[in-house]
Amino acid sequence: MATEASDKHNRRRHIVLNSHPSGGQSPIPINWGADNPGSRGPIVTNLTAEGRHNAIGTHSGSYSIYRALAVAAGALDPSHRPDLTNTAPVTSIGPHRQWSEPHRIVSLDPYGHLVTECFETELRNGLDIRPSIAVTRARLSLPELMHANTSGLTPDGAILLESGEINVTKVALEPVWHLPGVAARFDLEEHDLRRILYEQTGGMFSDLVTRNDLKVFLPPIGGATVYIFGNPEYLVDERHRLTCRVHDECNGSDVFGSDICTCRPYLVHGIEECVREAQKDGVGLVVYNRKEGRALGEVTKFLVYNARKRQIGGDRADAYFERTECVAGVQDVRFQELMPDVLNWLGITRIDRFVSMSNMKYDALVAQGIQVGERVSLPDALIPDDAQVEMEAKKAAGYFTSGDVLSEDDLAKTRGRQLESY
Ligand SMILES: [Zn+2]
């Protein structure tokens, strides 16, 4: 809100440090895991440094930085409030019993899509409450199904159209972390988690260490997108089978078709299996997590590609994980421990067909109370030549396969393309 103390961009002239609250304002109460939104309370961030709030950080994940840049550039009025007219979900999701089970959901706000419904009074009274989840519909057109349909799927006119397009319900979710719950999930003390998050972001969120009364953190990281094939109500109805793929982002393969990994082939195979299940009166689910390059980022990933292809003996399956560890200090930071939250949010208790070979994803789902039936490997015919290194290395490291696992000698013989051969 513009006041006399605001500058031409509607910003306050003085800087308000949240760690030194004036007027002794206590946070808006939040009772994480309560069985109704009224008792739970809304998640409120502190964009304007005015009024009470209860969360550290703000909405939109990493894009919050672009929002800040827009304000700094004078393109966005910082006092702007979203007009949420007609933005409500296109289909009902929840509430489910998992929403109020202790520590079952710790990395998203179960009521994030129901803000206008659950907190109508608070919004009317001027509280700045924003959705962290949105539910809409989409029609997908994948070249694999549109132009060269080798999947054996036949159009049904509802899920898969004659044109090859697919009708889906899709959900975007931003991360909302309940710090005590996240700490418990990793068997950490909350104060250790807070301190390391503060230190390892270069002191980005000082409230993590100064405001122990604020238990919710909206981290500046990517979230997830859920694609539902068929009737969303079937996800929680055990009379209908569920096929599911949980996929971690890989821009190079998913979008551009780079052949060094199996990501897009597996994603498309997962989508085809989801359509197949939905056509048989079941339901399909793809969860797409923004965790580029095993959540190490794309720069690290490309450095590793070079290191793999330039090492003595060339790109070899037996040194696949080692090269990542040399560059990043660790093999993988995707931490599947938080991944099951979105499935629990959807109310899912069992997956009949899990289209993934990842032992980490499987273990995480089972640990969070989700039964997994059949596990579906990527068919050999869909593995690009240059991705054999990754696939054989992963199977040797414990990934699920119904086929053979190579010996150490054979792993060393599994080679990828050399840099000179592009
Ligand atoms: Zn990939």
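Residues numbered from 1 in each chain as written. Predicted model: local features only at pLDDT ≥ 70, side-chain atom pairs only at ≥ 80, totals over all residues. Heavy atoms only, no water.

Visitor: How would you explain the overall build of the chain if you had to name every residue and give the values?
Guide: Counting its secondary structure elements, the chain contains 17 helices and 10 strands. Relative to a compact globule of 422 residues, whose C-alpha radius of gyration would be 22 Å, the chain shows 23 Å and is just as compact. Projected onto its principal axes, the C-alpha coordinates of the chain cover approximately 70 × 50 × 40 Å. In the chain, which comprises 422 residues, the share counted as buried stands at 48%. Taking contacts inside the chain between residues at least 6 apart in sequence as the whole, the part at least 24 apart equals 72%. Entry remark: accessible area of the chain is about 20,400 Å², with carbon and sulfur atoms responsible for 50%. The positive charge centre, built from 45 side chains, and the negative charge centre, built from 57, are 3 Å apart in the chain. (Helix = DSSP H or I, 4+ residues; strand = E, 2+ residues; numbered from the N terminus. Rg over C-alpha atoms; globule rule 2.2 N^0.38 Å. Buried < 20%, exposed > 50% of the residue type's maximum accessible area, 1.4 Å probe, protein only. Contact = heavy atoms within 4.5 Å. Areas by Shrake-Rupley, 256 points an atom, 1.4 Å probe, with all protein chains shown as cover. Lys, Arg positive; Asp, Glu negative; His and termini not counted. Charge placed at Lys NZ, Arg CZ, Asp CG, Glu CD.)

Visitor: So what about the pairing of strand β10 (residues 371-375)? Which residues, and what values?
Guide: In this sheet, β10 lies alongside strand β9 (residues 350-354) in parallel orientation, the contact comprising 4 bridges. In the strand pairing of β10, Phe354 is matched with Arg375. Following the backbone out of β9, through helix α15 (residues 359-367) and into the adjacent parallel β10, one traces a crossover that is right-handed. (Pairing = 2+ DSSP bridges. Right-handed = clockwise from strand over helix to strand, strands pointing away.)

Visitor: Lay out the sheet that holds strand β4 (residues 177-178) in plain terms, naming residues and giving numbers.
Guide: Strand pairing in a sheet takes place through backbone hydrogen bonds and is either antiparallel or parallel in direction. On the basis of which strands lie adjacent, the open sheet formed by 3 strands has the order β1-β5-β4 and mixed pairing. Each of the sheet's edge strands pairs with one partner strand only, and the pair in question is β1 (55-57) and β4. As judged from the 3 bridges shared by β1 and strand β5 (residues 216-218), these two strands associate in the parallel manner. The residue of β5 that forms the bridge with Gly57 is Leu218.

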